[in-house]
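Listed here are the chains, written in short residue letters.
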Amino acid sequence: MSRLTNLGIRLAKAKSSVYTLFDGRGLGLRIEPSGAKRWHFRFYWQYKQQRISFGFNG
């Protein structure tokens, strides 16, 4: 998988449905139809997959 780059993040545009750009190490950038961008990190805690959000950029 490819890593997220500054240029790739800035060029990510809204589509008709929600999509996510991943870096391959648990970090993802979710782009919503409104153009909002949300950071998520997926990890395992006590054998269960968890997700934490780091903020909102709308």
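Here the structure is shown first, and the text comes after it.
These lines cover the structure that appears in this document, whether it is placed above or below. (Residues numbered from 1 in each chain as written. Predicted model: local features only at pLDDT ≥ 70, side-chain atom pairs only at ≥ 80, totals over all residues. Heavy atoms only, no water.)

Focus on the pairing of strand β1 (residues 19-22)
Sheet topology places β1 next to strand β2 (residues 27-31); four bridges connect them, and they run antiparallel. Opposite T20, over in β2, you have R30 as the bridge partner. With antiparallel pairing between neighbouring strands as the criterion, β1 and β2 make up a hairpin whose turn holds four residues, including G24 at a positive phi of roughly 90°. (Pairing = 2+ DSSP bridges. Helix = DSSP H or I, 4+ residues; strand = E, 2+ residues; numbered from the N terminus.)

Some words on the nonpolar core
Ranked by size, the top nonpolar core spans five residues in total: I9, A12, Y19, L29 and I31. Apart from residues lying up to four places away in sequence, L29 is in contact with L4, I9, Y19, T20, L21, K37, R38 and W39. (Core = buried A, V, L, I, M, F, W, Y, C linked by side-chain atoms within 4.5 Å. Buried < 20%, exposed > 50% of the residue type's maximum accessible area, 1.4 Å probe, protein only. Contact = heavy atoms within 4.5 Å.)

Some thoughts on the packing of aromatic side chains
Per the stated rule, a full pass over the model turns up two aromatic pairs. On the numbers, 6.2 Å between centres and 15° between planes, the contact of F41 with F43 is stacked. Residue F41 is classed as partly exposed on the basis of its relative accessible area, which comes to 28%. By relative accessible area, F43 is classed as partly exposed at 29%. Arranged with centres 6.5 Å apart and planes meeting at 55°, the rings of F41 and F54 form a pair that is tilted. Of this pair, F41 sits in strand β3 (residues 37-45) while F54 sits in strand β4 (residues 48-57), and the two are 13 residues apart along the sequence. (Phe/Tyr/Trp six-rings, centres within 6.5 Å; stacked < 30°, edge-to-face > 60°.)

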